[in-house]
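Observations on the model geometry
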Amino acid sequence: MLKSAAVLIVLIAVFTDQTHAQAPTSGKATAPIFGGAGATAQRANPFQGMTGTYAPFHKTSDGQACISVHPISRPQTVNPKIIDQVVLVSNICGQSIRVEVCYAGSKDCIIVPLVGYQKLQRTLGVAPGSTSFKYQYRELY
């Protein structure tokens with residue numbers, strides 16, 4: 001009785017680990033894309049990134065990227081010295097895509113879920129008097 005229970009526990013552990021290892025693309029993301037508002041643009045990386053590490057970007061049938069992110073800095077109405085740092089996230093494809101937008105090099109992020117052909121404006125953060133900020137975004141699977 002005790003031996004069969006031990007065998008059952010081992011079998012459950014083996015099959016549970018295999019099913020988690022075979023999850024198709026959950027938890028994957030595309031390579032980060034950088035941008036900024038009021039800041040000098042980052043230079044293009046001359047080195048090829050690691051292939052096969054990131055999920056592919058969603059693209060239209062003619063090869064355009066489905067997702068685009070545009071920064072907006074605007075002063076608050078009550079106190080113009082406080083600046084809202086906003087991103088406009090657009091999806092030009094028919095499928096739903098989740099986008100993670102972060103301050104560049106930070107874990108301070110927001111998740112923006114978009115349905116097909118949708119544009120959403122979201123506040124990334126607030127800063128005292130600073131109209132420039134750098135961000136990075138990636139598509140989540």
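Before reading on, note that the structure itself is shown above.
Residues numbered from 1 in each chain as written. Predicted model: local features only at pLDDT ≥ 70, side-chain atom pairs only at ≥ 80, totals over all residues. Heavy atoms only, no water.

Describing the environment of Lys 81
Selection criterion: In DSSP terms, a helix is any run of H or I states spanning at least four residues, a strand is any run of E spanning at least two, and both are numbered starting from the N terminus. The buried label applies to any residue whose accessible area, calculated with a 1.4 Å probe on protein chains only, is under 20% of its type's maximum; exposed applies above 50%, and partly exposed to all values in between. Should any heavy atoms of two residues lie within 4.5 Å, those residues are considered in contact.
Take Lys 81: it is sitting in the loop between strand S2 (67-75) and strand S3 (82-91). Take Lys 81: its relative accessible area is 65%, and that puts it in the exposed class. Taking the C-alpha atoms as reference points, Lys 81 and Thr 131, separated by 50 residues in sequence, lie 9.9 Å from one another. Those residues within four positions of Lys 81 in sequence are excluded, and the remaining contacts are Ala 127, Pro 128 and Gly 129.

With respect to the pairing of S2
As a reminder, the rule being used: Paired strands, in this sense, are two strands between which DSSP finds at least two bridges.
Note that S2 and S3 share nine bridges and pair antiparallel. Bridged to Pro 75 within S3 is Ile 83. The antiparallel hairpin formed by S2 and S3 contains six residues in its connecting segment.

A look at the state of the cysteines
Note the following rule: When the sulfur atoms of two cysteines come within 2.5 Å, that pair is taken as a disulfide.
Evaluation of the coordinates by the stated rule reveals two disulfides. The side chain of Cys 66 participates in a disulfide bridge whose partner is Cys 93; the two sulfur atoms lie 1.8 Å from each other. Across the S-S bond linking Cys 66 and Cys 93, the dihedral sits near -75°, which makes this disulfide left-handed. Here Cys 66 is found in the loop between strand S1 (33-37) and S2, whereas its partner Cys 93 is found in the loop between S3 and strand S4 (97-103), with 27 residues between them in sequence. Under the relative-accessibility criterion, Cys 66 is labelled buried at 1%. Between the sulfur of Cys 102 and that of Cys 109 lies a disulfide, 2.0 Å long from S to S. On the sign convention where negative is left-handed, the bridge of Cys 102 and Cys 109, at about 100° about the S-S bond, is right-handed. For Cys 102, a relative accessible area of 3% puts it in the buried group. Residue class for Cys 109 comes out partly exposed when judged on its relative accessible area of 29%.

Structural notes on the sheet that holds S4
The cut-off we apply is this: All axes here are fitted lines through C-alpha atoms, helices being fitted over the stretch that makes contact, and every angle between N-to-C directions spans 0 to 180 degrees.
If you walk across this open sheet you meet the four strands as S1-S7-S4-S5, and the pairing is antiparallel. Each edge of the open sheet is held by one strand with a lone partner, namely S1 and strand S5 (109-114). Taking the axes of each pair of neighbouring strands and ignoring which way they run, one obtains an average angle of 25° across the sheet. Judged from the five bridges that link them, S1 and strand S7 (residues 133-140) form a sheet pairing that is antiparallel. Across the sheet, the residue bridging to Ala 37 is Phe 133, located in S7.

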